Amino acid sequence: MGHIVILTGAGLSAESGLGTFRDKEGLWTRYDIDEVATPQGFARNPGLVHEFYNARRANCRQAQPNPAHIALADLQHFAADRVTLITQNVDDLLERAGASDVIHMHGHLTGALCAACEHRWTAPDTMSIADACPSCGQHSTRPDVVWFGEIPYHMDKIDTALATADLFVAIGTSGNVYPAAGFVQDASARGARTLELNLAHSAITPLFDETRLGPASKIVPKWVAEIQQ
Ligand code: OAD
C-alpha cells in the first residue's frame, strides 16, 4: 500500500459533537476569528480567548471518538511505519481512539504555552489570565494552539512526509486554510495519488484525483477496510 499521508480537519470530529468552523452554524459564524484566534485578539482581550478555548476543551472532554477516528487508529496499528497522521484539529480524539504520533499542526487543547518563555505544560481544564507560568512565573499563559498569522507546528516533519507519500488523503477539511490546503498540490507534484473524503465538495476538490462524499463515520471505515484487503 506504500506510504499513506492523511490530513484531517474539523469534519472528522463533527459526528463526535465538536463544531466545524465554516459550515452552517460553524464556530466562525458565531465567533469573530480576529477576536479569538489571533495573537492580536489575545493581546486585546485574553480573558475572552481563554473563555473560547475553555469551552472548546469542555466540549472535547465530553466528546467520544467516532468510527472514523477508530478506523484511522486501526489503520495506523495495521501499518504503523507506512501511515502518517496529520491533523488540523486541536482535539485529542484520534489519540483517544488509540492513534499515536499524531502531528498536531495547529496545536492542541490539552497544552498550555507561556508566551513569554515558551515553556509548555499540560493545560488545566480551565485556563485564565491569572495563571502564572510554572517555569518563569509570568502571567502570559495561553493555549498551545496555532492562531491565524502564526506558523503551524511541525512543518519540516510534514514536508518530509509529503515528499515520500504514495497516497495523500484529506478527510473533512474545507481547503480554506493554508498551508494545509496546499498539501494536496505538494503531494501530487511529488507523484502521490490524492483522495478526498468529505461530506461535501471542498474549495480544493478539483485538485484531487478522486473525491468520495459522505459522513466521515461511514466513508472513512469503508475506505480503511478497502485498503486493508
Ligand atoms: P472547516 O470548518 O473549514 O471545514 C469542515 C469540513 O468538514 C467541510 O469541508 C465540511 O464539508 C466537512 N464536514 C462536515 N461534517 C462532516 C462529516 N460528518 N464528515 C465528513 N466531512 C464533514 O474546518 P477545517 O477545514 O478543519 O484553524 O478548518 C481548518 C482550520 O480553520 C482549523 O484548523 C482552524 C480553522 O480556522 C485555526 O484555528 C488556526
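For the structure itself, look to the data block above.
From a predicted model like this one, the values you see are computed outputs, not experimental measurements. (Residues numbered from 1 in each chain as written. Predicted model: local features only at pLDDT ≥ 70, side-chain atom pairs only at ≥ 80, totals over all residues. Heavy atoms only, no water.)

Draft legend 1. Layout of the sheet that holds strand β5 (residues 120-122). Strand order in the open sheet made by the three strands is β5-β4-β6, with antiparallel pairing throughout. Edge positions in the sheet fall to β5 and β6 (141-145), since each has one partner strand and no second. Across the sheet, the mean angle separating the axes of adjacent strands is 45 degrees when strand polarity is ignored. Contacting β4 (107-114) and β6, helix α5 (residues 46-62) runs over the sheet at an angle of about 50 degrees to β6. (Pairing = 2+ DSSP bridges. Helix = DSSP H or I, 4+ residues; strand = E, 2+ residues; numbered from the N terminus. Axes fitted to C-alpha atoms, helices over the stretch in contact; angles between N-to-C directions. Contact = heavy atoms within 4.5 Å.)

Draft legend 2. Here's a closer look at unusual backbone geometry. Of note, the amide linkage connecting Y178 to P179 takes the cis form, showing an omega dihedral of 10 degrees. The backbone of D101 sits at a positive phi, close to 55 degrees, despite the residue not being glycine. With respect to the secondary-structure elements, D101 resides in the loop between α7 (93-96) and β3 (103-104).

Draft legend 3. The side chain of S217, seen in detail. Inspection of the secondary structure assignment puts S217 in helix α10 (residues 216-228). Since its relative accessible area comes to 13%, S217 is described here as buried. A distance of 2.4 Å separates a polar atom in the side chain of S217 from a polar atom in the side chain of E15. (Buried < 20%, exposed > 50% of the residue type's maximum accessible area, 1.4 Å probe, protein only. Polar contact = N/O pair within 3.5 Å; in protein donor to acceptor, adjacent residues only side chain to side chain.)

Draft legend 4. Region of the structure containing the packing of aromatic side chains. Summed over the entire model, instances satisfying the criterion amount to seven aromatic pairs. Relative to W147, the ring of F42 has its centre 5.2 Å away and its plane inclined at 40 degrees; by these criteria the two rings are tilted. Of this pair, F42 sits in helix α4 (residues 39-44) while W147 sits in the loop between β6 and α8 (155-163), and the two are 105 residues apart along the sequence. There is no split in this pair, since F42 and W147 are both buried. Consider the rings of Y53 and W147, whose centres lie 6.4 Å apart with planes at 45 degrees: the pair is tilted. Of this pair, Y53 sits in helix α5 while W147 sits in the loop between β6 and α8, and the two are 94 residues apart along the sequence. Note that R56 overlies the ring of F52, its terminal NZ or CZ placed 4.6 Å from the centroid. Here the guanidinium or amino end of R142 rests over the ring plane of W147, the centre of that ring lying 3.7 Å away. (Phe/Tyr/Trp six-rings, centres within 6.5 Å; stacked < 30°, edge-to-face > 60°. Lys NZ or Arg CZ within 6 Å of the ring centre and 35° of its normal.)

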